[in-house]
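Per-entry structural report
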Amino acid sequence: QVQLVESGGGLAQAGGSLRLSCAASGHTFSMYSMAWFRQAPGNEREFVAVITLSRSTTWYADSVKGRFTISRDNAKNTVYLQMNNLKPEDTAVYYCAAKASVGGRYNYWGQGTQVTVSS
């Protein structure tokens, strides 16, 4: 079992920055990748970024490429999402997720952290 706890959300102005953290505990050795998703009011949950925990390979949604950076500190069992040049459309609840294989479902989820970007 893996537990994920997000932190770092808050209020920022357009053009500003925030850094989200996701701390993992439990059987973290079983994780293949960790990812960030977000869900804005009235919208579907959408993929933001993912990082593999072996080689730190990353992928990003087109909407955040060049602005967001996902990274990890394996020693701390923590992943980060550095969010730069924030836009109002980035406003959402951001969720951390993890899965045990490349083809598996994201079966571990955090509670979410609110990010609000004002213009």
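Computed from a prediction, not measured in an experiment: that's the story for all the values here.

1. Regarding the nonpolar core
- Residues Leu4, Met34, Trp36, Leu81 and Tyr94 are the most contacted members of the largest nonpolar core, which totals 30 residues.
- When residues of this core are traced back to their parent elements, those giving at least two are β1 (2-7), β3 (18-26), β4 (33-39), β5 (46-52), β7 (68-73), β8 (78-83), β9 (92-99) and β11 (113-118).
- In this view, Tyr94 contacts Glu6, Leu20, Trp36, Phe37, Arg38, Val48, Phe68, Leu81, Met83, Gly112, Thr113 and Val115; residues no more than four positions away in its chain are not counted.

2. Considering the state of the cysteines
- Throughout the structure, instances matching the rule amount to one disulfide.
- Covalently, Cys22 is tied to Cys96 through a disulfide, its sulfur atoms 2.0 Å apart. Between Cys22 and Cys96 the disulfide shows an S-S torsion of about -80°. By sign, it is left-handed. In this pair, Cys22 is assigned in strand β3 and Cys96 in strand β9, connecting sequence segments 74 residues apart.

3. Quick word on the pairing of β9
- Extensive coverage of β9 is indicated by the burial of six of its eight residues.
- Of the strand pairs in this sheet, β4 and β9 are connected by seven bridges, and their pairing is antiparallel. Opposite Ala35, over in β9, you have Ala97 as the bridge partner.
- Alignment of β9 against β11, held across three bridges, turns out to be antiparallel. Residue pairing in the sheet places Ala92 in a bridge with Val115 of β11.
- Pairing of β9 with strand β10 (residues 108-109) involves two bridges; the strand directions are antiparallel. Paired with Ala98 across the two strands is Tyr108, which belongs to β10.

4. Re the sheet that holds β8
- A sheet is described by the order of its strands in space; here four strands give the open sequence β1-β3-β8-β7, paired in antiparallel fashion. The sheet is open, and its two edges are formed by β1 and β7, each paired on a single side. Geometrically, the sheet is characterised by an average inter-axis angle of 15° between neighbouring strands, direction not taken into account.
- Where β7 and β8 come together, six bridges link them in antiparallel fashion. Within β8, the position partnered with Phe68 by the bridge is Met83.

5. Structural notes on the side chain of Glu6
- Relative to the assigned elements, Glu6 resides in strand β1.
- In this structure Glu6 is buried but unpaired, with Arg45 as the nearest side chain of opposite charge at 10 Å.
- A polar side-chain atom of Glu6 sits 2.8 Å from the main-chain amide nitrogen of Gln111.
- Separated by 2.9 Å, the side chain of Glu6 and the backbone nitrogen of Gly112 make a polar contact.

6. Here we look at the pattern of salt bridges
- Under the definition given, this model contains four salt bridges.
- Taking the shortest distance from any N to any O, the salt bridge between Arg38 and Glu46 comes out at 2.6 Å.
- Here Arg38 falls in the buried class, since its relative accessible area comes to 5%.
- Here Arg38 makes a salt bridge to Asp90, at a shortest N to O gap of 2.9 Å.

Thresholds applied
Residues numbered from 1 in each chain as written. Predicted model: local features only at pLDDT ≥ 70, side-chain atom pairs only at ≥ 80, totals over all residues. Heavy atoms only, no water. Core = buried A, V, L, I, M, F, W, Y, C linked by side-chain atoms within 4.5 Å. Buried < 20%, exposed > 50% of the residue type's maximum accessible area, 1.4 Å probe, protein only. Helix = DSSP H or I, 4+ residues; strand = E, 2+ residues; numbered from the N terminus. Contact = heavy atoms within 4.5 Å. Disulfide = S-S within 2.5 Å. Pairing = 2+ DSSP bridges. Axes fitted to C-alpha atoms, helices over the stretch in contact; angles between N-to-C directions. Lys, Arg positive; Asp, Glu negative; His and termini not counted. Salt bridge = Lys/Arg side-chain N within 4 Å of Asp/Glu carboxyl O. Polar contact = N/O pair within 3.5 Å; in protein donor to acceptor, adjacent residues only side chain to side chain.

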